[in-house]
Amino acid sequence: MSYDRNNVFARILRGELPCHKVCEDEHTLAFMDIMPQTPGHTLVIPRREARDLFELAPDALAATILTTQRVAQAVRQAFAPPGVMIAQFNGAAAGQTVFHLHFHVIPRYDGESLVLHGAKMGDSAVLAGYAERIRACLDR
Ligand code: 5GP
């Protein structure tokens, strides 16, 4: 299947849809998931078009995983969870719903299960606050 240039993340990258931005650089963008599975759930995407892990060239993939590590470190500082989950789905059968490659950075807490994937919209003001909190912890 070919890349759909109108998927929501492509539209966020073009500035056609808003997002609560955490950080960006030449190769990547990180922003809050609109339906967080735990507080602090952040997404990291490459700027380059790729439906999934298998379509992205190694240089862009390297940049994306490095941003994922940087964001995960900031999320850990900001929320102090005992665990941080990194998740990435390829294909609808694996649970992928947006077909632009992305890594989920999800803080995890002992005994706390995840809110169902894509189930409940987060409050915009709360997400803005979380993004600010994570930004303040970048590279610390
Ligand atoms: P997937 O199921 O493809 O791994 O994850 C897609 C993620 O994107 C879901 O966690 C969902 O909540 C999130 N998402 C879907 N649409 C939007 C949107 O318009 N903005 C943001 N920030 N996240 C979105």
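Now for a description of the structure that goes with this document. (Residues numbered from 1 in each chain as written. Predicted model: local features only at pLDDT ≥ 70, side-chain atom pairs only at ≥ 80, totals over all residues. Heavy atoms only, no water.)

1. Structural notes on the site of the ligand
No. 1: Residues in contact with the ligand amount to 17 residues; listed here are only the nearest, Asp-33, Thr-97, His-102, His-104 and His-117.
No. 2: A distance of 3.0 Å separates an oxygen atom of the ligand from a polar backbone atom of Gly-95.
No. 3: For the ligand, an oxygen atom lies 2.9 Å from a polar atom in the backbone of Val-98.
No. 4: Isolated, the ligand exposes 520 Å² of accessible area, and the fraction of that covered by the protein chains is 91%.
No. 5: Of all the secondary structure elements, the ones that give two or more residues to the shell around the ligand are α1 (8–13) and β2 (28–32).
No. 6: Per element, the largest residue contribution to the shell around the ligand is three residues, and it comes from α1.
No. 7: Here the shell around the ligand is composed, by residue class, of 10 nonpolar, six polar and one charged. (Near = heavy atom within 4 Å. Polar contact = N/O pair within 3.5 Å; in protein donor to acceptor, adjacent residues only side chain to side chain. Areas by Shrake-Rupley, 256 points an atom, 1.4 Å probe, with all protein chains shown as cover. Helix = DSSP H or I, 4+ residues; strand = E, 2+ residues; numbered from the N terminus. Nonpolar A, V, L, I, M, F, W, Y, C, P; charged D, E, K, R; others polar.)

2. A look at the packing of helix α2 (residues 58–79) against helix α3 (residues 124–136)
No. 1: In the contact formed by α2 and α3, the axes pass within 8 Å of each other and the chain directions differ by 110 degrees. Judged by the angle between their axes, α2 and α3 are roughly perpendicular. Every residue of α3 that contacts α2 at Ala-74, Val-75, Ala-78 and Phe-79 is listed here: Tyr-130, Arg-133 and Ile-134.
No. 2: In the contact of α2 with α3, the residues fall into six nonpolar, no polar and one charged. (Axes fitted to C-alpha atoms, helices over the stretch in contact; angles between N-to-C directions. Parallel < 35°, antiparallel > 145°, perpendicular 65-115°, else oblique. Contact = heavy atoms within 4.5 Å.)

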